[in-house]
Amino acid sequence: MTKKTVLHTSLAMLTAFLLLIASLPAQAQAANCGVRGAVVERLSGQFGETRRGIGLGTQNRIVEVFASDETGTWTITITMPDGRMCLVASGQAWEERMDDLSHLTDADI
């Protein structure tokens with residue numbers, strides 16, 4: 001499997017996740033949003049995270065994955081067309097992997 005195929009698969013999974021998030025109440029979403037520059041600065045300054053991936057989601061929303069090799073933290077964000085950036089998910093134990101998953105069937109995933 002090529003890097004491009006892995007990237008497309010990852011972006012497809014993120015898009016599906018974002019469709020789920022889009023159904024959350026607006027009040028819950030607003031609590032995790034801010035000016036993009038400030039959010040990126042906080043992810044970098046507080047967690048040492050840098051952008052690892054980017055894609056275009058539904059409704060012209062930018063989906064980004066930030067992560068840190070040093071701290072192991074990761075964050076998935078959405079940037080709205082109006083410039084607000086919202087935190088969608090975050091966690092720990094980030095690993096940079098490009099495994100060849102072509103041998104797996106849908107049931108294995």
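Here, every reference points to the structure presented above.
Engineer: What is the right way to read the pairing of strand 3 (residues 62-67) from this model?
Structural biologist: Consecutive side chains of a regular strand alternate in pointing toward one face of the sheet and then the other. Of all 6 residues in strand 3, 5 are buried, a share of seventy percent or more. As paired elements, strand 2 (residues 50-56) and strand 3 share 6 bridges and run antiparallel to each other. Residue pairing in the sheet places Gly 53 in a bridge with Val 65 of strand 3. Between strand 2 and strand 3, which pair antiparallel in sequence order, lie 5 residues; one of them, Gln 59, sits at a positive phi of approximately 55°. In this sheet, strand 4 (residues 74-79) lies alongside strand 3 in antiparallel orientation, the contact comprising 6 bridges. What sits directly across from Val 63, in strand 4, is Ile 78. Linking two consecutive strands that pair antiparallel, namely strand 3 and strand 4, is a turn of 6 residues; a positive phi of about 80° is found at Gly 72 within it.

Engineer: Please explain the state of the cysteines as it appears in this structure.
Structural biologist: Covalently bonding the sulfur atom of one cysteine to the sulfur atom of another cysteine gives a disulfide. A complete count under the given rule lists 1 disulfide for this structure. Paired by a disulfide, Cys 33 and Cys 86 hold their sulfur atoms 1.9 Å apart. For the disulfide bridge between Cys 33 and Cys 86, the dihedral angle about the S-S bond is near 105°, and by the sign convention the bridge is right-handed. Placement of the pair is Cys 33 in strand 1 (residues 33-35) and Cys 86 in strand 5 (residues 84-91), with a sequence separation of 53 residues. Since its relative accessible area comes to 23%, Cys 33 is described here as partly exposed. Owing to a relative accessible area of 5%, Cys 86 belongs among the buried residues under this scheme.

About the thresholds
Here the residue index of a chain counts from 1 through its sequence in written order. Selection of residues for local features in this predicted model requires a pLDDT of at least 70, selection of side-chain atom pairs for listing and counting requires 80 or more, and totals for whole chains, interfaces and linings are taken over all residues. Hydrogens and water are ignored here; the side-chain numbers use all heavy atoms of the structure. Only protein chains enter the calculation, and the probe is 1.4 Å; a residue is then buried if its accessible area is under 20% of its type maximum, exposed if over 50%, and partly exposed in between. Elements are defined by DSSP. Helices are runs of H or I of four residues or more, strands are runs of E of two residues or more, and each kind is numbered from the N terminus. Being paired, for any two strands, means DSSP has found at least two bridges between them. For the purposes of this analysis, a disulfide is any pair of cysteine sulfur atoms at a distance within 2.5 Å.

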